[in-house]
Amino acid sequence: MTESQQLLEQFVSVDSSNIENTNYLIHMCNAWLQQNNIETTILSNQGYDILIAKIGKGDKKIILNGHLDVVPAQPKLFTPRIQGDKMYGRGTADMKGGVVGLLLTMKRLHHLDLNTQVELHLVPDEETGGQFGARYLCEQNIDAQLVICSEPTDLGIGVQAKGILQFDLVIKGSAAHSSRP
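Predicted model, so just to flag it, every value in this text is computed and none were measured.

Rules used in this analysis
Residues numbered from 1 in each chain as written. Predicted model: local features only at pLDDT ≥ 70, side-chain atom pairs only at ≥ 80, totals over all residues. Heavy atoms only, no water. Helix = DSSP H or I, 4+ residues; strand = E, 2+ residues; numbered from the N terminus. Areas by Shrake-Rupley, 256 points an atom, 1.4 Å probe, with all protein chains shown as cover. Polar contact = N/O pair within 3.5 Å; in protein donor to acceptor, adjacent residues only side chain to side chain. Contact = heavy atoms within 4.5 Å. Pairing = 2+ DSSP bridges. Axes fitted to C-alpha atoms, helices over the stretch in contact; angles between N-to-C directions. Buried < 20%, exposed > 50% of the residue type's maximum accessible area, 1.4 Å probe, protein only.

Undergrad: Account for the overall build of the protein, with residues named and values stated.
TA: When its secondary structure is counted, the protein shows four helices and seven strands. Going residue by residue from the N terminus, the α and β elements of the protein occur as α-α-β-β-β-β-β-α-β-α-β. Seen through its C-alpha atoms, the protein measures out along the principal axes to roughly 70 × 45 × 35 Å. Here the protein has roughly 11800 Å² of accessible surface; of this, 51% comes from carbon and sulfur atoms.

Below, the structure written as structure tokens:
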């Protein structure tokens, strides 16, 4: 079994539909990164842990982003099974498989002399809105020239994502119905 398969099998085995188990996975990733000599920091926001790992140096920064929480499911879905060359189980695609890819990317890039900072952000609450993870990091003014999120997009590369544009509009004049302008 490859390193990526072993990691994914370990991650899928954890029911991370609750904060306790998601935090457990954050700390599991932290230990794995430290074993590979990668600098890490764990931030805590109202009981939700966030992992930041850093490699490289320079004025430019790339953020690799992933989440470890999943939508609740029947216990049997947290028993990974391999069929052919595919693994099945809760979170294999969304997005524990993506997190494994980001971890292995950090491991491989760590041995290069990068003139760009690369930060890995693993957050705990994407499935419930991201208030305590990604949003919290944005409020800390953490920024980069490029963010790569390994969230699945029908196995394609998404070059942008939906956002929210919110504004107040004030119109002056007299109220009228459209049938009587």
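Undergrad: Can you tell me about the side chain of Thr116, naming the residues and giving the values?
TA: Position of Thr116 among the secondary structure elements: in the loop between helix H3 (92-110) and strand S6 (117-123). A distance of 3.5 Å separates polar atoms of two side chains, one belonging to Thr116 and the other to Asn115. Sequence-distant contacts of Thr116, defined by excluding residues within four places in its chain, comprise Ile55, Gly56, Lys57, Lys60, Lys61 and Ile62.

Undergrad: With reference to specific residues and values, describe the sheet that holds strand S7 (residues 146-149).
TA: Spatial strand order, S1-S2-S6-S3-S7: five strands in an open sheet with mixed pairing. At either end of the open sheet lies a strand with only one pairing partner, and these are strand S1 (39-45) and S7. When strand polarity is set aside, the average angle formed by the axes of neighbouring strands in this sheet is 20°. As paired elements, S1 and strand S2 (residues 48-55) share seven bridges and run antiparallel to each other. Note that in S2 the partner of Asn45 across the bridge is Tyr48. Strands in contact with helix H2 (residues 19-35) are S1, S2 and S6; relative to S2, the strand with the most contacts, it is inclined by about 20°. Where H3 meets the sheet, its contacts fall on S2, strand S3 (61-67), S6 and S7, and the angle it forms with S3 comes to roughly 145°.

Undergrad: Requested: an account of the pairing of S3, with residues and values cited.
TA: The side chains of a regular strand alternate between the sheet's two faces. Across the seven residues of S3, six count as buried, placing the element largely inside the fold. Sheet topology note: the S3/S6 ladder contains seven bridges and is parallel. The residue bridging Lys61 from the neighbouring strand is Gln117, located in S6. Pairing analysis gives four bridges linking S3 to S7, with the strands arranged parallel. Counterpart to Ile62 in the pairing with S7 is Leu146.

Undergrad: So what's going on with the side chain of His67? Which residues, and what values?
TA: Tracing the backbone shows His67 in strand S3. Polar contacts involving the side chain of His67 include one to the side chain of Asp69, which spans 2.9 Å. At a separation of 3.1 Å, a polar atom in the side chain of His67 contacts the side chain of Glu126.

Undergrad: For the environment of Phe132, give the residues involved together with the corresponding values.
TA: With respect to the secondary-structure elements, Phe132 resides in the loop between S6 and helix H4 (134-139). Here the alpha-carbon distance between Phe132 and Asn45, two residues 87 residues apart in the chain, equals 6.1 Å. Residues contacting Phe132, with those up to four places away along its chain left out, are Asn45, Gln46, Tyr48, Ile50 and Asp125.

Undergrad: Quick rundown of the environment of Thr92? Include the residues and the values.
TA: Within the secondary structure layout, Thr92 lies in helix H3. For Thr92, a relative accessible area of 19% corresponds to the buried category. In this structure the C-alpha to C-alpha distance between Thr92 and Phe78, which are 14 residues apart in sequence, comes to 9.8 Å. From its side chain, Thr92 meets the backbone oxygen of Gly89 in a polar contact 3.1 Å long.

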